[in-house]
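# A closer look at the structure
Here are the chains, one letter per residue:
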Amino acid sequence: MTQVLPPLIGVRITGAEYDALPPNPRIELVDGVLTFMTPPTGRHQNLVDALVAALKQVCPAELRVLREQEIRLSDDHRRNPDVLVVLAEAYDPDGYSYRPEQVLLAVEVVSPGTETADRKHKPAEYADAGVAHYWRVESKPALAVYTYQRVDEGPYVPTGRWVPGDLVAAPGLPWAHVAVAELASS
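Keep in mind that this is a model prediction, so the values were computed, not measured.

## Observations regarding helix 2 (residues 42-58)
- With 17 residues, helix 2 extends 25 Å from end C-alpha to end C-alpha; this agrees with the ideal 24 Å at 1.5 Å per step.
- Lining the buried residues of helix 2 we find strand 3 (63-67), strand 6 (83-87), strand 8 (103-109), strand 9 (133-138), strand 13 (178-179) and helix 4 (180-184).

## Topic: helix 3 (residues 115-129)
- Here helix 3 contains 15 residues, and its C-alpha end-to-end distance of 21 Å stays within 8% of the 21 Å for a straight helix at 1.5 Å per residue.
- A bend of about 40 degrees at His121 is the largest found in helix 3, and the proline Pro123 appears one to four places after it.
- Among the residues of helix 3, those classed as buried are Ala117, Asp118, Lys122, Pro123, Glu125, Tyr126 and Ala127.
- Just past helix 3, the residue Gly130 takes up positive phi, approximately 105 degrees.

## Focus on the layout of surface pockets
- Within this model, the largest pocket holds a volume of roughly 190 Å³.
- Around the largest pocket, the lining comprises 14 residues; the ones closest to its centre are Tyr18, Pro23, Asn24, Glu70 and Tyr96.
- Classifying every residue of the lining of the largest pocket gives seven nonpolar, three polar and four charged.
- Its boundaries defined by the atoms lining it, the second largest pocket holds a volume of some 160 Å³.
- Along the wall of the second largest pocket there are 13 residues; nearest its centre are Thr35, Met37, Gly113, Thr114 and Ala117.
- Listed by contribution, the elements that provide at least two residues to the lining of the second largest pocket are strand 2 (33-36) and helix 3.

## As for the nonpolar core
- Residues Leu51, Leu55 and Trp135 are the most contacted members of the largest nonpolar core, which totals 28 residues.
- Counting residues per element, this core draws most heavily on helix 2, at seven residues.
- Ranked by size, the runner-up nonpolar core spans 15 residues in total, among them Tyr98, Val103, Ala106 and Tyr126.

## Thoughts on empty space enclosed by the protein
- Across all of its chains, the model carries one cavity of 30 Å³ or more by this definition.
- Within this model, the largest cavity holds a volume of roughly 120 Å³.
- Lining the largest cavity are 16 residues, with Arg26, Met37, His44, Asp82 and Thr114 sitting closest to its centre.
- Contributing elements (two or more residues each) for the lining of the largest cavity: strand 8 and helix 3.
- Considered class by class, the residues forming the lining of the largest cavity number five nonpolar, five polar and six charged.

Parameters and conventions
Residues numbered from 1 in each chain as written. Predicted model: local features only at pLDDT ≥ 70, side-chain atom pairs only at ≥ 80, totals over all residues. Heavy atoms only, no water. Helix = DSSP H or I, 4+ residues; strand = E, 2+ residues; numbered from the N terminus. Expected span 1.5 Å × (residues − 1). Contact = heavy atoms within 4.5 Å. Bend = angle between axes of the 7 residues up to and from the residue. Buried < 20%, exposed > 50% of the residue type's maximum accessible area, 1.4 Å probe, protein only. 1 Å grid on protein atoms, 1.4 Å probe; cavity = no way out; pocket = protein on both sides within 12 Å on 5 of 7 lines; lining within 4 Å. Points joined across faces, edges and corners; volume = space filled by probe spheres on them. Nonpolar A, V, L, I, M, F, W, Y, C, P; charged D, E, K, R; others polar. Core = buried A, V, L, I, M, F, W, Y, C linked by side-chain atoms within 4.5 Å.

This is the structure in structure tokens:
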């Protein structure tokens, strides 16, 4: 028997209805409404690939670096960060969804069509859910990595702006040293 879902554009759906859909990193559930994300540009994909590779080189065994996996912020609110670092004990090679307490770092690479969400909405949502660290990567007008840390269960506070020639050294993540120049060559 095939399950029939309601029309999906502009209609509020339940978390169970969302879970019945095939996993798709280009769709997020925001307050019960499907949000279709714009396709990534080549620049975006290259930056994500370079960041994943750089983080995997320095990631300790108790953590795992993933790309485009879901953070289940609540039953009716799910986001798919470009990169995330999860606790190794939570890692499921056959899964695609993680709870905020399993996520140490969420990273968004800003692209055309994601500017407001990546700069304003997602940081507030991730912090409210309890994700300890957030990085935002901007490629224009020039490459920069902005790092944030959640302090005292509140919103994120900025911890640095890193540009080519810098080595990201975000407080609270002593292992996550990434040469921004390596990302620039992507």
